[in-house]
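Commentary on secondary and tertiary structure
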Amino acid sequence: MKVDVLLGLQWGDEGKGKIVDVLTPNYKVVARFQGGPNAGHTLEFENQKYVLRSIPSGIFQGGKINLIGNGVVIDPALFKAEVESLEASGHNLTDRLYISKKAHLILPTHRLLDEAYESFKGDDKIGTTGKGIGPVYTDKISRNGLRVGDVFHNFKQKYDAAVKKHKMLLSQYDLEYDLPSLEEEWFAGLEKLKTFNIIDSEQFVNDQLKQERSVLAEGAQGSLLDVDFGTYPFVTSSNTVCAGACTGLGISPHNIGEVFGIFKAYCTRVGSGPFPTEDFSEVGDEMRDRGNEYGSVTGRPRRCGWVDLVALKYTIMINGVTQLIMMKSDVLDTFDTIKVCVAYDINGEKTEHFPFEANEDIQPDYIELPGWKTDMTAVQSEDEFPEEFNAFLSFLEDELEVPIKIVSVGPDRAQTIIR
Ligand code: GDP
Ligand code: IMO
Ligand code: MG
C-alpha cells in the first residue's frame, strides 16, 4: 500500500480541507505532514462550517485515524482551542487523533519573535500569519527546538532554557509583551495535548502500509509558498511540496502513490510577495467578492487574479502530480471572458518557465476563452457542464498534461463532481 498525497499548487487556500474530507472515505488514515496553525482548512457539510488549523481534515468522517505528523509544528494553546471547539459541536477526537512525538512545539516566545521580526522588516514584511512559524522551524533546523515527546522528561528545564534564549533575542526589538499570561494558556494547552495518543508516528505510518491500510497525506499552504521552490523570501518555512510528505511522515519516496494537485480556477495569494497575474481592477474585486476571498485564519482580504499556467506547470513538475483537482469553478460563472496566463514576457523575452524572481518585470501573456455564464453551483454531474466550461477544462488538461479528475462547484462537500 502507498501513501497518496494531496497538496496545493498555488499560494495556499486552494480548498485542500474540503477535498481531503471528500476523499477520506477511501482511506484508513489521514495525516498532516507539515505546517501548523498558519493553515486554515475549511469544510462545509450539513449546513455547518468548520475551519481546521492543526487537526487533519479527515476528522469528520467516522472511524478514521487522523495523524499530526513529525513535520508539523503545534501550538498547544491553539490546539486546545481547536479541540474544544470541535468537542462543543459534538466531535470527540480522543481516540481518533494521534500526534507524533517528533512534531515540534511552537512556544509563546516563537509567536512573539514572529511579531518582532515582521515589524522590524517594515515595508518588506512577509505578511506572516503571526503564528510563530518562521521562529519554530528556525529552532528546529538550528537544533534548539522542543518536541512533543520532550514534554514527558524534564520539560520545564528545557522550556526555561529555550525561553531564556528567546528573551535575549526579543530584547533586541522594541516589543512589549505579557509572557506570563501567554504561558498560562500555553501550559493549559500542553495538558490537553498530553491526553492524546502521542506516538512514534513514522513507525505507525509504515506499519499501516505493511498492513495494507491506506493513508492520505494532507498538505498545508501551497507549492508557491514552499521554502525552497516558492517565491522566496515570501514563503512559509516548511517544504510544502510532495517531498515534504516523505520527511514529514517518515516514508520512503517509493511509498508515494497518487499525487493530487489542487488549484483554483483562478488564483489567490494572501500576504506579501510576487503574484504575476494579480488583477487590481474590478475583475479581481469580483473574484474576491464571489469567492469570499478573505483569509480563514486572519480574515485578511486575499489578492486575486487569473489562473497562471506557467506557475502551475512548475508546481506540477516539482510535485509529480498525477491527478488535478480544480476548485471554485462557480466563482467565474459571471465572467464573459475567462483569461488564462500561458507565458510570461520578461523584459521583452517570452518564457514558459517560472523564473528565479517572479517580480514586477513580468508581463503575463493571456489567452481568452468564452465564459460559461451558468450557475455552476447547481450542477450535479459532468453531463451538465456547459460547452464553454468543457472547453476550459480541455484547454487546461492539454496544457498541463495531467487529467482534472475532480471539479468543485461550491463550498459544500456535496458540490463536488468526480470525473
Ligand atoms: P484550504 O486552506 O486549501 O483548505 O482552503 P481554505 O479553506 O483556506 O479556502 C478555501 C475556501 O473556499 C473556503 O472558504 C471553502 O469553503 C471555499 N470553497 C472550497 N471549494 C469551493 C468551491 O468550489 N466554490 C466556492 N465558491 N467555494 C469553495
Ligand atoms: P492553508 O493551509 C495561504 C502565507 C502567509 C505569508 C506566508 C508566510 O490554509 O492553505 P507563515 O505564517 O507561514 O510564516 O506566513 O505564507 N501562508 C498562507 N497563505 N494559506 C495558508 O495555509 C498559509 N499559510 C501561510 O500569508 O504570506
Ligand atoms: Mg486556508
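Structural data are supplied above this passage.
Reading the values: rules and limits
Residues numbered from 1 in each chain as written. Chains lettered and ligands numbered in written order. Predicted model: local features only at pLDDT ≥ 70, side-chain atom pairs only at ≥ 80, totals over all residues. Heavy atoms only, no water. Near = heavy atom within 4 Å. Polar contact = N/O pair within 3.5 Å; in protein donor to acceptor, adjacent residues only side chain to side chain. Areas by Shrake-Rupley, 256 points an atom, 1.4 Å probe, with all protein chains shown as cover. Helix = DSSP H or I, 4+ residues; strand = E, 2+ residues; numbered from the N terminus. Nonpolar A, V, L, I, M, F, W, Y, C, P; charged D, E, K, R; others polar. Donors = N, O, S within 2.8 Å, 3.2 Å for Na, K, Ca; no water. Buried < 20%, exposed > 50% of the residue type's maximum accessible area, 1.4 Å probe, protein only. Lys, Arg positive; Asp, Glu negative; His and termini not counted. Salt bridge = Lys/Arg side-chain N within 4 Å of Asp/Glu carboxyl O. Contact = heavy atoms within 4.5 Å.

**Re the site of ligand 1**
Ligand 1 sits among 20 residues. The nearest are Gly 15, Lys 16, Thr 42, Asp 330 and Ser 408. Within the side chain of Asp 13, a nitrogen or oxygen atom sits 2.9 Å from an oxygen atom of ligand 1. Protein chains shield 94% of the accessible area of ligand 1, which is 580 Å² for the free molecule. At the level of secondary structure, the elements contributing two or more residues to the shell around ligand 1 comprise α1 (16–23) and β3 (41–45). Residues belonging to the shell around ligand 1 are distributed by class as follows: four nonpolar, eight polar and eight charged.

**Describing the coordination of the magnesium ion (ligand 3)**
The magnesium ion (ligand 3) binds to the protein through Asp 13 (OD) and Gly 40 (O); the donor distances cover 2.1 to 2.2 Å. Of this pair, Asp 13 sits in the loop between β1 (3–8) and α1 while Gly 40 sits in the loop between β2 (29–32) and β3, and the two are 27 residues apart along the sequence. Residue Asp 13 is classed as partly exposed on the basis of its relative accessible area, which comes to 23%. Of the residues examined, Gly 40 reaches a relative accessible area of 12% and is grouped as buried.

**Regarding the side chain of Glu 82**
Along the chain, the position of Glu 82 falls in helix α2 (residues 76–88). One buried charge, Glu 82, has no salt-bridge partner; the nearest side chain with opposite charge is Arg 53, at 5.7 Å. When near neighbours in sequence (up to four residues on either side) are disregarded, Glu 82 contacts Leu 52, Arg 53, Ser 54 and Ile 55.

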